[in-house]
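Each chain, letter by letter, is given below.
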Amino acid sequence: MRLVIAMMKHETNTFSPVRTDWRRFEEWGAHVGDAARRAYEGTAMPMGAYLKLAREAGAEVVTPVATEAMPSGPVAAEAYALMSDAIVDAVRRGCDAAMLDLHGAMVAETTGDGEGTLLQRIRAVAPDLPIAVTCDLHANLTETMVRNCTALIGYKTYPHVDMYEVGEQVGRILLRALKGEIRPVMAWERRPLLAQTLRMGTDDEPMKTLIALARAEEQRGLLAATVFGGFPLADFADAGMSAISVADGDAAMAKAASRRLMDAAWERREEFLYRHEPLEEAVARAKVMREGPVLLLDHADNVGSGGTEDVMTVLREVIRQDLEDVAVAAVWDPDAVQRMAKAGVGATVTLSLGGKTDMPSIGMKGAPLDVTGKVRTLSDGEWIVRGPMYTGVKVTMGPTAVLDTGKVQIVVVSRHHEPWDQGVFTSVGIDPKTKRYLLLKSRIHYRAGFAPLARATLTLDGDGVTTSDNSRLRFAAVRRPIFPLDRLNAPPERTA
Ligand SMILES: [Zn+2]
């Protein structure tokens, strides 16, 4: 048996000004051929699970690519072609099945449906090929995706700490189907619901209940059931929540389950909206909190959803209100890192920090923050994740420096990196447990590494292309009407 196992992942924020070319994939992970296998074997990624299953089954494995870039703007045409051509070519050379580790919300310059287009091309060269697919909880599911694979499943956790389990679950479904033990059939459903990412944490309601309902559907006999929160920062026709179920031969059973899941989501649609609090008030509330660490979330500049990681609005307010004993992860500013490296550890520098990126989609110009401090640490920004998300994967933040103002320690990086693991601090000599405040450019993923430390958590409403304030975003392509852009009382659409 010959298996094509590949990974091609990007969560595309169509409002993000950050360019997603091949180089950006190289910054996080762009592995071709056998290097793709070596990079993810033994990791807690879906691809790691696929490789383990293949080895157990004694299969011959071909790994054309394993690529992922941190969320950012639409994927450049040549990068998309490079990745998808490699996978399609590997299938064309002959295989018995494919196991794909995808995201589900990739928008490329050449196609709004990055995953659907890939799967359609694979099926064009191998019409009956059994294909297993994992997607992120933030996938924007499409009919083209569903129609062109055998079994599709998504993560049930946000932060995504079950990537390995879902890879294993859908990989086993595929292997059983290959042996003729089961016959997977899928049905999906959606409602016009653009849920906000900040309200999708699976430890919180309403996602907690929806995920429990999906698990209950699996216990009643489905091979897999998934609720996708969707990715609302993609101005794409099919953006939004959906559910997909995989049954053994019984399409009606799959359809009924997906319908129940989406009815439950629609019922609770108001709970998927984030309630705004003025920034000054939230920082003032933080200031009187004595017991740390208090987590301060700069969620409108969340790197892991396409934020530029250099919006200084929240940090400016934290410094203005004179909070003390703060560690910040992270500010993206390669020039500032170079200046600090030149000055050397121990030197005092005055920097025009961050604010290097304009954000035309929300009508904002980059606004740096003038700040003086000591260069505390210089590093190459490389470390291995030991926490529960991306366990075993090597992180490359690029040349990294810590600026210490006396009250605030700022980790400054050269590559975009969302702080979901304590390694972002410990790798540069900061012990996050001892800090009174941790200011994180994250939204929900921070929980993977930092929730166990947190005495309190505040969401700080700054600026940026991952804002939870829909009035700042100009949607043009998403299908209408859709809640909450339109105040709908009844869902006008039902998926065929
Ligand atoms: Zn996600």
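Structural data are supplied above this passage.
Here the structure is a predicted model, which means the values were calculated and not measured.

## Re the packing of aromatic side chains
Here's step 1: A complete count under the given rule lists seven aromatic pairs for this structure.
Here's step 2: On the numbers, 5.8 Å between centres and 75 degrees between planes, the contact of W28 with W420 is edge-to-face. In this pair, W28 sits in helix α1 (residues 22-28) while W420 sits in the loop between β18 (408-413) and α13 (423-426), placing the two residues 392 residues apart along the sequence. Across the pair, exposure class does not vary: W28 and W420 are buried alike.
Here's step 3: Through a chain of ring-to-ring contacts, the aromatic side chains of W28, Y390 and W420 assemble into a single cluster.
Here's step 4: Across the ring face of F483, the terminal group of R269 is positioned such that the distance to the ring centre comes to 5.8 Å.

## Quick look at the coordination of the zinc ion
Here's step 1: Protein ligation of the zinc ion involves D136 (OD), D136 (OD), H138 (ND1) and H160 (NE2), the donor distances falling in the range 2.1 to 2.8 Å.
Here's step 2: Linear spacing of the donor residues for the zinc ion on their chain is D-x1-H-x21-H. Of the two residues examined, D136 and H138, each falls in the buried class.

## Observations concerning the sheet that holds strand β8 (residues 184-190)
Here's step 1: Taking strand neighbours across the sheet as the criterion, the three strands line up as β8-β10-β9 in an open arrangement whose pairing is antiparallel. Strand pairing shows two members of the sheet lacking a second neighbour, β8 and β9 (224-228), which therefore form its edges. Direction aside, neighbouring strands of the sheet carry axes that sit 10 degrees apart on average.
Here's step 2: Where β9 meets strand β10 (residues 242-248), five bridges bridge the pair, whose relative direction is antiparallel. Bridge pairing in β10 places A225 opposite S245.

## A word on unusual backbone geometry
Here's step 1: Of note, the amide linkage connecting E205 to P206 takes the cis form, showing an omega dihedral of 5 degrees.
Here's step 2: Positionally, P206 belongs in the loop between β8 and α8 (207-219).
Here's step 3: At the junction of A329 and A330, the peptide bond is cis and its omega measures out at -10 degrees in the coordinates.
Here's step 4: Locating A330 in the fold gives a position in strand β12 (residues 326-332).
Here's step 5: The backbone phi angle of D325 is positive, close to 65 degrees, even though this residue is not glycine.
Here's step 6: For D325, the position within the fold is in the loop between α11 (313-320) and β12.
Here's step 7: Overall, D325 belongs to the partly exposed group, its relative accessible area being 31%.
Here's step 8: For Y390, which is not a glycine, the phi torsion comes out positive at approximately 60 degrees.
Here's step 9: Along the chain, Y390 turns up in the loop between β15 (382-384) and β16 (394-396).
Here's step 10: Overall, the relative accessible area of 8% leaves Y390 in the buried class.

## Describing the pattern of salt bridges
Here's step 1: This model, assessed by the stated rule, comprises 45 salt bridges.
Here's step 2: Residue R38 pairs with D34 through a salt bridge whose shortest N-O separation is 3.3 Å. Of the two residues, R38 and D34 are both situated in helix α2 (residues 34-40); the distance of four residues between them amounts to about one turn of the helix.
Here's step 3: Owing to a relative accessible area of 42%, D34 belongs among the partly exposed residues under this scheme.
Here's step 4: As a salt-bridge pair, E270 and R487 come within 2.9 Å of each other at their nearest N and O atoms. Here E270 is found in the loop between α9 (251-267) and α10 (279-287), whereas its partner R487 is found in the segment after β20 (456-460), with 217 residues between them in sequence.
Here's step 5: One network of salt bridges, in which partners are shared, links D34, R37, R38, E41 and R55.

## Things to note about the nonpolar core
Here's step 1: Within the largest apolar cluster, 131 residues are counted, with the highest numbers of intra-cluster contacts made by L100, L152, M241 and F425.
Here's step 2: Element by element, the count of residues in this core is highest for helix α4 (residues 77-92), at eight residues.
Here's step 3: Contacts of L152, omitting those with residues within four sequence positions, involve V133, C135, L141, M145, V170, M186, F228, I244 and V246.
Here's step 4: Grouped together as the second largest cluster of nonpolar side chains are 32 residues, M312, V326, V331 and L403 included.

## A few points about the sheet that holds β20
Here's step 1: In spatial order, the strands read β13-β14-β17-β18-β12-β19-β11-β20; together these eight strands make up an open sheet with mixed pairing. Looking at which strands have only one partner, the edges of the open sheet turn out to be β13 (348-353) and β20. Along the sheet, successive strands turn relative to each other by an average axial angle of 30 degrees, direction set aside.
Here's step 2: Against the sheet, α10 engages β11 (294-298), β19 (437-440) and β20, with an angle of about 160 degrees to β20.

## Remarks on α10
Here's step 1: Here α10 has its buried residues at L279, A282, V283 and A286. For α10, the angular spread of buried residues about the axis comes to 95 degrees, placing them on one side.
Here's step 2: Against β11, α11, β19 and β20 lie the buried residues of α10.

## Structural notes on the pairing of β9
Here's step 1: Within β9, five of the five residues are buried, which leaves it mostly tucked inside the rest of the structure.
Here's step 2: Because side chains alternate across β9, one face comprises the buried residues A224, T226 and F228, and the other comprises A225 and V227, equally buried.

## Description of the packing of α8 against α9
Here's step 1: Look at α8 against α9: their axes get within 10 Å of each other, and the N-to-C directions meet at 165 degrees. Overall, the two elements α8 and α9 adopt an arrangement that is roughly antiparallel. For the pair α8 and α9, the sense of crossing is right-handed. Taken together, the residues of α9 that come into contact with α8 (itself represented by L210, L213, A214 and E217) are A257, R260, L261, A264 and A265.
Here's step 2: Taken together, the residues of the contact of α8 with α9 sort by class into seven nonpolar, no polar and two charged.

Conventions and cut-offs
- Residues numbered from 1 in each chain as written.
- Predicted model: local features only at pLDDT ≥ 70, side-chain atom pairs only at ≥ 80, totals over all residues.
- Heavy atoms only, no water.
- Phe/Tyr/Trp six-rings, centres within 6.5 Å; stacked < 30°, edge-to-face > 60°.
- Helix = DSSP H or I, 4+ residues; strand = E, 2+ residues; numbered from the N terminus.
- Buried < 20%, exposed > 50% of the residue type's maximum accessible area, 1.4 Å probe, protein only.
- Lys NZ or Arg CZ within 6 Å of the ring centre and 35° of its normal.
- Donors = N, O, S within 2.8 Å, 3.2 Å for Na, K, Ca; no water.
- Pairing = 2+ DSSP bridges.
- Axes fitted to C-alpha atoms, helices over the stretch in contact; angles between N-to-C directions.
- Salt bridge = Lys/Arg side-chain N within 4 Å of Asp/Glu carboxyl O.
- Core = buried A, V, L, I, M, F, W, Y, C linked by side-chain atoms within 4.5 Å.
- Contact = heavy atoms within 4.5 Å.
- Arc of directions from axis to C-beta.
- Parallel < 35°, antiparallel > 145°, perpendicular 65-115°, else oblique.
- Left-handed = near helix turned anticlockwise from the far one by under 90°.
- Nonpolar A, V, L, I, M, F, W, Y, C, P; charged D, E, K, R; others polar.

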